[in-house]
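# Examining the three-dimensional arrangement
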Amino acid sequence: MIGLTGGMGAGKSTVAHFLCRAGWPVFDADRAVHALQAKNGAAVPALARLWPETVKEGAVDRAALRQTVIGHPERIAALEAIIHPLVRKARQDFLRQMRRRRMRFCVLDIPLLFETGADRDCDLVVVVTAPLPVRLRRIMRRRSMSEAQARALLSRQMSDNERNRRADLLLRNGLSRGHTAQQMKRMMRTLENAA
């Protein structure tokens, strides 16, 4: 079981996509959250009760939700209390399925892997890193937000130093997709030879 994590904007999704294309099953925690918040998703009723203005036509308006919780630690904690148990259940379902299929390798792609304790399910943790200016640009472009908002999101996450310290393997991203792919191929060969 491979844990995959990294700070926001580090390029973790690119690495996960590469692993998936190579045939390694990937549990994508972000995708699970999107499904939970989509029309008739399992998290929608609880979020509608807390913040009715964030739900439109049976789905969570993610931009409205972000505006509602950003800068309010108590609201972020309330959001996490709804989302984290539902994502944990989806992850456990994925792991059961992988065990039934006797998969040699599978990947847990979880942004808050260490913060949620999901690293305990992993045999090895890969942390994707990228320079802060690259990450800020990616976040601002992807989420249409200011640098101050992007920095506020990053400040909620574990520090890069702490995340990197806890990693079994570091993948440095930010140069090119080709460079990242070369690192991934080396890592996969190492893991396959060790198994």
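None of the values given here were measured: they were computed from a predicted structure.

## Quick word on the overall build of the protein
Check the secondary structure of the protein and you find nine helices and seven strands. Expressed as a percentage of contacts within the protein between residues at least 6 apart in sequence, the contacts between residues at least 24 apart total 66%. Surface summary for the protein: the accessible area is close to 10800 Å², and the carbon and sulfur share equals 51%. One finds the centroid of the 35 positive side-chain charges in the protein at a distance of 5 Å from the centroid of its 18 negative side-chain charges.

## Section: the UniProt feature "binding site: ATP" (unreviewed entry) in the protein
In this structure's numbering, the residues bearing the UniProt feature "binding site: ATP" (unreviewed entry) are Gly-9, Ala-10, Gly-11, Lys-12, Ser-13 and Thr-14. Overall, Gly-11 belongs to the buried group, its relative accessible area being 12%. Setting aside chain neighbours within four positions, we find Gly-11 in contact with Val-128, Arg-138 and Asn-173.

## Structural notes on helix α2 (residues 29-37)
Those residues of α2 that sit buried are Ala-29, Ala-32, Val-33, Leu-36 and Gln-37. In an axial view of α2, the angular spread of the buried residues amounts to 130°, which keeps them on one side of the axis. Across from the buried face of α2, at angles greater than 90 degrees, the exposed residues are Arg-31 and Ala-35. The elements touched by buried residues of α2 are β2 (26-28), α3 (44-50), β4 (59-60), α4 (62-69), α5 (73-100) and β5 (107-109). Two or three places before Asp-30, at the opening of α2, Asp-28 has a side-chain oxygen 3.0 Å from that residue's backbone nitrogen.

## Some points on the packing of α4 against α5
Contact geometry for α4 and α5: axes closest at 8 Å, N-to-C directions at 135°. Relative to α5, α4 is oriented oblique. Across from Leu-65, Thr-68 and Val-69 in α4, the residues of α5 making contact are Arg-75, Ile-76 and Leu-79. Residue composition of the contact of α4 with α5, grouped by class: four nonpolar, one polar and one charged.

## Notes on the sheet that holds strand β7 (residues 169-172)
The pairing of strands in a sheet comes from backbone hydrogen bonds and takes either a parallel or an antiparallel form. Reading across from one edge, β2-β5-β1-β6-β7 is the order of the five strands in this open sheet, with parallel pairing throughout. Single-partner strands in this sheet number two, and they are β2 and β7. Adjacent strand axes in the sheet meet at a mean angle of 20° when their direction is disregarded. Here four bridges tie strand β6 (residues 124-129) to β7, and the two strands are oriented parallel to one another. Residue pairing for β7: Val-127 is matched across the bridge by Leu-170. Across the sheet, helix α1 (residues 12-21) lies against β1 (2-6), β2, β5, β6 and β7, angled at about 150° from β1, the strand it touches most. Strands in contact with α2 are β2 and β5; relative to β2, the strand with the most contacts, it is inclined by about 45°.

## With respect to the nonpolar core
Counting 34 residues, the largest nonpolar core has Phe-27 and Leu-108 as its most contacted members. Broken down by secondary-structure element, the contributors of at least two residues to this core are α2, α3, α4, α5 and β6. Considering each element in turn, this core owes the most residues, eight residues, to α5. With residues near it in sequence (within four places) discarded, Phe-27 still touches Ala-32, Val-87, Ala-90, Arg-91, Phe-94, Val-107, Leu-108, Asp-109 and Ile-110. Among the nonpolar cores identified, the runner-up in size contains 20 residues, and Leu-124, Val-126, Val-128 and Ala-181 belong to it.

Cut-off values and rules
Residues numbered from 1 in each chain as written. Predicted model: local features only at pLDDT ≥ 70, side-chain atom pairs only at ≥ 80, totals over all residues. Heavy atoms only, no water. Helix = DSSP H or I, 4+ residues; strand = E, 2+ residues; numbered from the N terminus. Contact = heavy atoms within 4.5 Å. Areas by Shrake-Rupley, 256 points an atom, 1.4 Å probe, with all protein chains shown as cover. Lys, Arg positive; Asp, Glu negative; His and termini not counted. Charge placed at Lys NZ, Arg CZ, Asp CG, Glu CD. UniProt positions renumbered as here; feature names shortened; annotations may be inferred. Buried < 20%, exposed > 50% of the residue type's maximum accessible area, 1.4 Å probe, protein only. Arc of directions from axis to C-beta. Polar contact = N/O pair within 3.5 Å; in protein donor to acceptor, adjacent residues only side chain to side chain. Axes fitted to C-alpha atoms, helices over the stretch in contact; angles between N-to-C directions. Parallel < 35°, antiparallel > 145°, perpendicular 65-115°, else oblique. Nonpolar A, V, L, I, M, F, W, Y, C, P; charged D, E, K, R; others polar. Pairing = 2+ DSSP bridges. Core = buried A, V, L, I, M, F, W, Y, C linked by side-chain atoms within 4.5 Å.

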